Structures are given as structure tokens and as C-alpha cells.
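# A closer look at the structure
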Amino acid sequence: MIGRMTGAATRGLLVALLIATPALLLPGSDAEASQITLLVGFVAAFLTFLEYNSRLPSIVEFRDAPPFNRLRFISLLVTVVVLALIARGQTYPTMLTAGLTSLGTILGNAIDFPYSPVRLVVLMLPADAAPETVSLVRTAAGLAYLTSLVALTAFVVLVRVMGWPARRGAFNVWVNLPLFDPTAGGDVLVRLQRDSRFNIALGFLLPFVIPAVVKAAADLVDPISLSNSQTMIWTISAWAFLPASMIMRGIAMGRVAEMIQDKRRRAYADAHLQAA
């Protein structure tokens with residue numbers, strides 16, 4: 001019990017630290033924004049603590065199948081930290097911020113071709129956006145996209161080469177997929193395969209859909225101002241992280257479907273041998 005509570009508290013603190021990272025790294029954060037960040041961080045830490053301190057599953061998927069959630073958290077943390085350092089380097093440049101900015105500029109320019117996700121992110125900006133803002137957004141998008149691709153590649157290797165999650169022993173579908181109801185109707189295997197394909201397809205489309213939706217919504221409501229450093233950090237981080245997270249979820253569900261299919265095949269083979 002003490003170990004579970006300690007682990008839940010640690011996870012809660014890490015989530016709060018993630019949310020507070022831009023405010024801590026960026027200079028000149030106003031008092032109102034700091035208070036909002038503190039409130040959001042506290043709420044997120046509390047909810048994380050409740051989730052991981054509970055014996056029963058709630059909403060977090062693959063809770064007992066590490067390092068799925070750890071990999072996603074590290075990916076988001078690295079993205080936020082890197083983007084915050086780049087934004088900080090615009091005011092207080094260092095060798096680290098200059099190196100990250102140069103790397104992001106190279107990546108952003110390489111990926112910024114017609115109809116690419118980075119080009120669509122740049123097109124989200126208003127027509128009168130300053131050239132410095134356009135360059136910063138392109139640089140941030142390039143680095144964020146690279147981070148998400150690295151995390152996605154690492155998870156694919158984890159699944160296909162290292163045999164996740166079977167290498168850790170028995171896999172409990174109810175605990176690790178609390179939002180998936182196996183009694184909702186239809187074959188569980190077919191539903192898992194369908195959800196897997198849907199998540200992967202949605203993950204591939206989101207980098208293109210999100211900028212288009214934001215651009216279309218700008219005609220109805222006030223557009224998102226990416227000239228604000230914190231807004232830019234969270235917008236670009238979400239744009240890069242959500243699609244990668246959806247694809248990872250689809251791959252994970254497909255892997256669970258493969259495990260169920262293999263278990264059924266072995267059970268049918270054993271029954272056939274016993275009948276013979």
C-alpha cells in the first residue's frame with residue numbers, strides 16, 4: 001500500500017512539473033498565468049494520484065503494462081522542455097538554445113514542403129504574422145515532429161522486437177483497457193482490430209486535420225495567437241503528441257488482438273488434439 005501510494009504521488013508530481021515547465025523556463029511570466037498554471041498542475045497531479053493509487057482501473061489505459069504510458073509522458077515532457085528552451089533562447093540565448101534552434105530550423109525547413117504537416121501549421125498563422133514568429137513556429141514544429149517520430153519508433157521496436165506486453169507475463173485486458181467493454185456485443189477480437197485500425201488512421205490524419213480545423217475556426221472565433229510563447233508551446237506540443245499517441249494506442253490494441261488470436265489458436269489446437 002505504501003509503495004503504491006508513493007508511486008502515485010511521484011507520478012502526480014511529475015505531471016505537475018510537466019505542466020509548470022513552460023512557466024518555469026520562460027522569462028517574464030505574469031502573475032495571472034502563473035496562478036492558472038499552478039491550479040491546472042495541482043488538479044492534474046491530484047487526478048493522477050487518485051488514478052494510480054486506486055486498485056481498480058478508471059480511465060488510464062495500459063496502466064499495468066509499462067512502459068507504454070512512461071514513453072508517452074517522456075515524449076511529451078521532452079517536447080515541452082525543448083520548445084520552452086527554444087522560446088527562452090529568443091530572449092536569453094545560450095549554446096544549448098542556439099543548438100536546439102539550429103536543429104529545429106534544419107528540420108522545419110526540410111519538412112516544410114507543400115501539403116506537409118509543418119506547412120499546414122505555418123499556414124495557421126495570420127497573414128500579417130511577423131517573420132520571426134513564422135520562423136519560430138516552423139522551428140518548433142520540426143523539433144516536435146521529430147520527437148513524436150522517435151517515440152513512435154521506440155514503441156514499434158518495443159512491440160515487435162521486445163514482445164511488449166507479453167514479456168512481463170500475463171496481460172489483464174480489464175485492468176489495462178478499462179474503457180473497453182468486452183460485453184458490449186460482437187467478437188472482442190474483431191472490435192479490438194477495428195479500434196486499432198481506427199486509432200492508427202486517425203493518428204495519421206490528425207497532423208493535417210488539426211491545423212485545418214484551427215484555421216477554419218479562426219473565422220468564427222478569435223484565432224490562436226502563436227506569438228505568445230506558452231500558447232505556442234502547448235499548441236505545437238499537442239499537434240505533435242496527440243497523433244503519435246493515437247498511433248501508439250492503435251498499435252497497442254492491435255498487439256492485444258494478436259495475443260488474443262494466438263491464445264485462441266493454441267486453445268483450439270489443444271482441444272483438437274484432446275478430441276483426437
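So, here is what we can say about the structure in this document. Numbering of residues starts from 1 in every chain and runs along the sequence as written. A pLDDT threshold of at least 70 governs which residues receive local features in this predicted model, and a stricter bar of 80 or more applies before side-chain atom pairs are shown or counted, although totals over entire chains, interfaces and linings include all residues. The side-chain quantities take in all heavy atoms of the structure and omit both hydrogens and water.

### Some remarks on the packing of aromatic side chains
This is how it is decided: Centres within 6.5 Å make a pair out of two Phe, Tyr or Trp rings, where for Trp the six-membered ring is used; the pair is then stacked when the planes are under 30 degrees apart, edge-to-face when over 60, and tilted otherwise.
Scanning the model with the defined rule gives six aromatic pairs in all. Taking the centre distance of 5.3 Å and the plane angle of 65° together, the rings of Phe-155 and Trp-164 count as edge-to-face. Here the aromatic residues Phe-62, Phe-68, Phe-155 and Trp-164 are joined through ring pairs into a cluster of three or more.

### A look at the layout of surface pockets
Formally: Cavity: a set of points on a 1 Å grid over the protein atoms alone where a 1.4 Å probe fits but cannot get out. Pocket: an open set with protein on both sides within 12 Å along at least five of seven lines, its lining residues, like those of a cavity, having an atom within 4 Å of a point. Grid points are joined across faces, edges and corners, and a volume is the space filled by probe spheres set on the points. Helix and strand definitions follow DSSP, with helices as H or I runs of at least four residues and strands as E runs of at least two, each counted in order from the N terminus. Charged residues are taken to be Asp, Glu, Lys and Arg, nonpolar residues to be Ala, Val, Leu, Ile, Met, Phe, Trp, Tyr, Cys and Pro, and polar residues to be all remaining types, Gly included.
By volume, the largest pocket is sized at about 1100 Å³. Taken together, 35 residues form the lining of the largest pocket, with Val-15, Thr-48, Tyr-52, Val-60 and Asn-69 sitting closest to its centre. Where the lining of the largest pocket is concerned, the elements lending two or more residues are helix H1 (2-25), helix H2 (31-53), helix H3 (68-89) and helix H9 (229-275). For the lining of the largest pocket, the element with the highest residue contribution is H1, accounting for eight residues. Looking at the lining of the largest pocket residue by residue, the class counts come to 20 nonpolar, six polar and nine charged. As for the second largest pocket, its lining consists of Ala-166, Ala-170, Phe-171, Val-173, Arg-255, Val-256, Met-259, Ile-260, Asp-262, Lys-263 and Arg-266.

### Observations concerning empty space enclosed by the protein
Tallied over the entire structure, the rule returns two cavities of 30 Å³ or more. Taken as a whole, the second largest cavity encloses approximately 30 Å³ of empty space. Of all the secondary structure elements, the ones that give two or more residues to the lining of the second largest cavity are H3, helix H6 (131-160) and H9. Of the residues belonging to the lining of the second largest cavity, the class tally is four nonpolar, four polar and no charged.

### Observations concerning the packing of H1 against H9
Cut-off, in case you're wondering: Comment: axis = line fitted to C-alpha atoms, over the contacting stretch for helices; angle = value between 0 and 180 degrees taken between N-to-C directions. The crossing is said to be left-handed when, going from far helix to near helix, the turn is anticlockwise and less than a right angle, and right-handed when the turn is clockwise. Only heavy atoms enter the contact rule, under which two residues are in contact if any of them lie within 4.5 Å.
The N-to-C vectors of H1 and H9 enclose an angle of 145°; their axes lie 10 Å apart at closest approach. The hand of the H1/H9 crossing is right-handed. From H1, Leu-18, Ile-19, Pro-22 and Ala-23 reach across to H9, where they touch Gln-230, Ile-233 and Trp-234. Split into classes, the residues belonging to the contact of H1 with H9 amount to six nonpolar, one polar and no charged.

### Remarks on the packing of H3 against helix H4 (residues 95-111)
For the record, the criterion: Roughly parallel means an angle under 35 degrees; roughly antiparallel means over 145; roughly perpendicular covers 65 to 115; every other angle is labelled oblique.
The contact between H3 and H4 brings their axes to 9 Å, and the two run at 110°. Of the possible angle classes, the one that applies to H3 and H4 is roughly perpendicular. Only Leu-96, Thr-97, Leu-100 and Thr-101 of H4 make contact with H3, whose side of the interface consists of Val-82, Leu-85, Ile-86 and Gly-89. Across the contact of H3 with H4, the residue classes tally to five nonpolar, three polar and no charged.

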